[in-house]
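Residue-level listing of the chains:
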Amino acid sequence: MNCTLYHEDVSRYIDRELDEGRIAVLFAHLAGCTGCREFLGAMMELRSTLHWLPAPRVPATLDRRMQSFRPGRRKSAPALLDRMSSWWNRRLLVPVPALAGTALLLLSAALVSFSLWQGARRATAPGQQVMYIMSLPTVEVEGIAPAQTPSIQ
Amino acid sequence: MTSTTDIELLSKLQNGDSRSLGELYERYKGPLYAFCLHMLRDGAKAEDAVHDTFVKVARQAYTLTHAGAFRGWLFQIARNETLMILRKTQPVHIEDEEDVWESQTPLTLLEGNERTEVVRTTLLSLKVHHREVLLLREFEGMSYSDIAAITGSTESTVKSRIFHARRALAEKLAPLIYDGRKS
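Residues numbered from 1 in each chain as written. Chains lettered and ligands numbered in written order. Predicted model: local features only at pLDDT ≥ 70, side-chain atom pairs only at ≥ 80, totals over all residues. Heavy atoms only, no water.

**Concerning the state of the cysteines**
To be explicit about the condition: For the purposes of this analysis, a disulfide is any pair of cysteine sulfur atoms at a distance within 2.5 Å.
Taken as a whole and assessed by the stated rule, the structure comprises zero disulfides over all chains. Note on cysteine 3 of chain A: no disulfide assigned, nearest cysteine sulfur contributed by cysteine 36 of chain A at a separation of 3.6 Å.

If you want it as structure tokens, here you go:
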């Protein structure tokens, strides 16, 4: 095993992520390797240096922004009604144009059917039509002789 | 103790108590702001990232089923916010695990600055994926498995990135560290 692998173990050792067995192997190596002992020393120094870095001060503007922040209504799991509503929204979101088209088609079909039905009803009641024609009043216009009703022979 | 109180606060937040959000903010604003600042290297952007993180916490608290995982979840949101901001200005991708530096700042250029500034500037020169794991480990004391969960990578990757980042930092800061020890 070369020293680079022991260096990785040194890094894990100072993070307390090295198991007991590996710790024993590492320390056996450290006892006879000056380079790795120096590396361990350098790692410990670096850790100490990083830990002494002062923490940055949180700006007051951030505190003010957070104080003025008001969480919205949704802070808990959506209620059953909400979940159902969103389910319906998802279902209806895509086919809305299709739904409108279908409704228009149905309306047109209903209108056509109604007109056809009206036509058929008139056709099945001829007596009424004759009566209507026969009862038309005769209009007399000055200077024009009324048309002679052709006599049926 | 803290985690129990976190759970209680989260439970209150899930039940619609907006004051608990303020308490969670007070508790985590320091570590979160430090994390976002070190990730973004810009105070105003870090402020936005922390703000947006808590807005998401308020809106998505009910999605967190395991309240004990709150801290990791919080940092995961903050990490995603920072990466989203970073991606707007620069591509964030992984090339080589051993290539840890984003920008090379020779130590000689930092002479005359405060020691802490030199250390911070060097830390900020690490690539974002190396920087994030080191920040979570050194400043938040998180385990490799927690960091892996937050960053969406494996423990092995986390271990490797932490090692390479530390080794590079130690090499670069060696003159400063050892000078500091002598004085």
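Once the structure has been displayed, the description carries forward.
**Thoughts on helix H2 (residues 20-32) of chain A**
Residues and elements named next belong to chain A. As a reminder of what qualifies: Runs of H or I in DSSP of at least four residues are treated as helices and runs of E of at least two as strands, each being numbered from the N terminus. A helix is expected to span 1.5 Å for every residue after the first. The contact rule is simple, with two residues in contact once any of their heavy atoms fall within 4.5 Å. Nitrogen and oxygen atoms within 3.5 Å of one another constitute a polar contact, given that in protein one can donate a hydrogen and the other can accept it, and given that sequence-neighbouring residues count only through two side-chain atoms.
End to end, H2 covers 19 Å across 13 residues, agreeing with the expected 18 Å (1.5 Å per residue, within 8%). Packing partners of the buried residues in H2 comprise helix H1 (3-14) and helix H3 (34-51). Where H2 begins, one side-chain oxygen reaches toward the backbone nitrogen of glycine 21, 3.2 Å away; that side chain belongs to aspartate 19.

**Let's talk about the packing of helix H4 (residues 60-68) of chain A against helix H3 (residues 43-60) of chain B**
Applicable threshold: An axis is simply a line fitted to the C-alpha atoms; with a helix, the fit covers only the stretch in contact. Between two such axes, the angle follows the N-to-C directions and lies from 0 to 180 degrees. Note on terminology: angles under 35 degrees are roughly parallel, angles over 145 are roughly antiparallel, angles of 65 to 115 are roughly perpendicular, and the others are oblique. Note on convention: the crossing is left-handed when the near helix lies turned anticlockwise from the far helix by less than a right angle, right-handed when the turn is clockwise.
Contact geometry for H4 of chain A and H3 of chain B: axes closest at 10 Å, N-to-C directions at 25 degrees. When the axes of H4 of chain A and H3 of chain B are compared, the pair comes out roughly parallel. Two packed elements cross with a definite hand, and for H4 of chain A against H3 of chain B that hand is right-handed. Where H4 of chain A approaches H3 of chain B, its residues Thr61, Leu62, Arg65 and Met66 of chain A are matched on the opposing element by Glu47, Asp48, Val50, His51 and Phe54 of chain B.

**Focus: the nonpolar core**
What counts is decided by this rule: Here, the term nonpolar core denotes a set of buried Ala, Val, Leu, Ile, Met, Phe, Trp, Tyr and Cys residues that are joined through side-chain atoms within 4.5 Å. Throughout this description, buried means an accessible area under 20% of the type-specific maximum (1.4 Å probe, protein chains only), exposed means over 50%, and partly exposed covers the range between.
Core analysis: the biggest nonpolar cluster contains 73 residues, and Phe54 and Phe70 of chain B have the highest contact counts within it. If one sorts the elements of this core by residue count, helix H2 (residues 19-40) of chain B sits on top with ten residues. Sequence-distant contacts of phenylalanine 54 of chain B, that is, excluding residues within four places in its chain, are made with Met66 and Phe69 of chain A together with Leu21, Leu24, Tyr25, Tyr28, Leu32 and Leu74 of chain B.

**Describing the packing of aromatic side chains**
Residues and elements named next belong to chain B. Let me state the cut-off plainly: Aromatic pairs are defined between Phe, Tyr and Trp rings, using the six-membered ring for Trp, whenever the two ring centres lie within 6.5 Å; interplanar angles under 30 degrees are classed as stacked, those over 60 as edge-to-face, and all others as tilted.
For the structure on display, the rule yields seven aromatic pairs over all chains. Between phenylalanine 35 and phenylalanine 75 the ring centres are 5.7 Å apart and the planes differ by 75 degrees, which places this aromatic pair in the edge-to-face class. In this pair, phenylalanine 35 sits in helix H2 while phenylalanine 75 sits in helix H4 (residues 70-89), placing the two residues 40 residues apart along the sequence. Judged by its relative accessible area of 3%, phenylalanine 35 is buried. Residue phenylalanine 75 is classed as buried on the basis of its relative accessible area of 0%.

**A closer look at the confidence of the model for chain B**
All names here are of chain B. Selection rule: You can read pLDDT as the predictor saying how much it trusts each residue, on a scale of 0 to 100.
Predicted confidence across chain B gives a mean pLDDT of 84, with 82% of residues reaching 70 or more. Within chain B, no element has a lower average pLDDT than helix H1 (residues 2-14), which sits at 76, and none a higher one than helix H7 (residues 144-151), at 95. Scoring of the predicted complex yields 0.69 for pTM and 0.81 for ipTM.

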